[in-house]
Amino acid sequence: MQKTILIVEDEDILREIVKDYLLNEGYEVIEAVNGKEALFKFEANEVHLVILDIMLPELDGWSVCRRIRKTSNVPIIMLTARADEDDTLLGFELGADDYVTKPYNPAILLARAKRLMESRYSSINEPAREETLTLSGIRIHFRSRTVTVNGKEINLTHTEFEILTYLMQNQKIIITREQLITKIWGYEFVGDDRTVNSHIRNLRHKLGDKASCITTVVRSGYKFEGNI
């Protein structure tokens, strides 16, 4: 099935360059030049990935990301002209899956988009060795990519789902931040440990009373302590 990508960028030249790269790879592209138009087009179409600039007219990228995350776990790549680590952390806290700083190589942006979508959607049509994984009341449903806690579904972003899966599949094993970065992002990562910490913090919040299953190992990383 052809994947649809929503590009939200008010700079016409940048938007057209990225659009051309995506079209050449066979993706369908929807464009928006401001935050309000982005939300309208997102709700009116089946979108598989959002490339979202932060500095937008009408409604900024932070607000667009926050509103999308209320109803969808679609992968989101945020774009910024400011190489500010705090901006990156805020984007991740709001639910972004990846972050690219301008100026950027469109080919690199394309590679990141492809990896996110392959990770998010390829397993849907592939047979899974196990349909679910359940530990301490947390159940991962691999085919639907959903998670339930004590029978109640929680809404995780793509990255949060991948982190939880990796930790649960390696229960009681210490997973370093470097291992998580390599597993989840799969390319040379620009940032620091606070990026991983932000995702873990969000994940624990959503797990509620099961948050204690993910323990922090000082100066090492994280470990899932749940049981079958």
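Use the structure listed above.
Fair warning: this is a prediction, and the values are worked out from it, not measured in the lab.

Basis of the calculations
Residues numbered from 1 in each chain as written. Predicted model: local features only at pLDDT ≥ 70, side-chain atom pairs only at ≥ 80, totals over all residues. Heavy atoms only, no water. Buried < 20%, exposed > 50% of the residue type's maximum accessible area, 1.4 Å probe, protein only. Helix = DSSP H or I, 4+ residues; strand = E, 2+ residues; numbered from the N terminus. Arc of directions from axis to C-beta. Axes fitted to C-alpha atoms, helices over the stretch in contact; angles between N-to-C directions. Parallel < 35°, antiparallel > 145°, perpendicular 65-115°, else oblique. Left-handed = near helix turned anticlockwise from the far one by under 90°. Contact = heavy atoms within 4.5 Å. Nonpolar A, V, L, I, M, F, W, Y, C, P; charged D, E, K, R; others polar. Pairing = 2+ DSSP bridges.

Some points on helix α7 (residues 177-184)
Stage number 1. Buried within α7 are the following residues: R177, L180, I181 and I184. Projected down its long axis, α7 carries its buried residues within an arc of 100°, all on one side.

Observations regarding the packing of helix α2 (residues 35-44) against helix α3 (residues 61-69)
Two quantities define a packed helix pair, namely the angle between the helix axes and the distance between the axes.
Stage number 1. Closest axis-to-axis distance for the α2/α3 pair is 9 Å, and the angle between their directions is 20°. It follows from the interaxial angle that α2 and α3 lie roughly parallel. Handedness of the α2/α3 crossing: right-handed. Two secondary-structure elements touch here, α2 through G35, A38, L39 and F42 and α3 through V64, R67 and I68.
Stage number 2. Looking at the contact of α2 with α3 residue by residue, the class counts come to five nonpolar, one polar and one charged.

What to know about the sheet that holds strand β11 (residues 214-217)
Stage number 1. Strands sit in the order β10-β12-β11 across an open sheet of three strands; the sheet is antiparallel. The open sheet has two free edges, formed respectively by β10 (175-176) and β11, since each of these has just one partner strand.
Stage number 2. By the bridge criterion, two bridges tie β10 to strand β12 (residues 221-224) in an arrangement that is antiparallel. Of the residues in β12, the one forming a bridge with I175 is Y222.
Stage number 3. Those strands touched by helix α6 (residues 158-169) are β10, β11 and β12, and its axis lies near 70° from that of β12.

With respect to the pairing of strand β8 (residues 146-149)
Stage number 1. Side-chain alternation along β8 places T146 and T148 on one buried face and V147 and V149 on a second face that is also buried.
Stage number 2. Between strand β7 (residues 138-141) and β8, which pair antiparallel in sequence order, lie four residues; one of them, R145, sits at a positive phi of approximately 55°.
Stage number 3. Sheet analysis places β8 next to strand β9 (residues 152-154), joined by three bridges and oriented antiparallel. Each bridged residue has a counterpart across the sheet, and for T148 the counterpart in β9 is E153.
Stage number 4. The loop that links β8 with its antiparallel partner β9 comprises two residues; one of these, N150, has a positive phi angle of about 50°.

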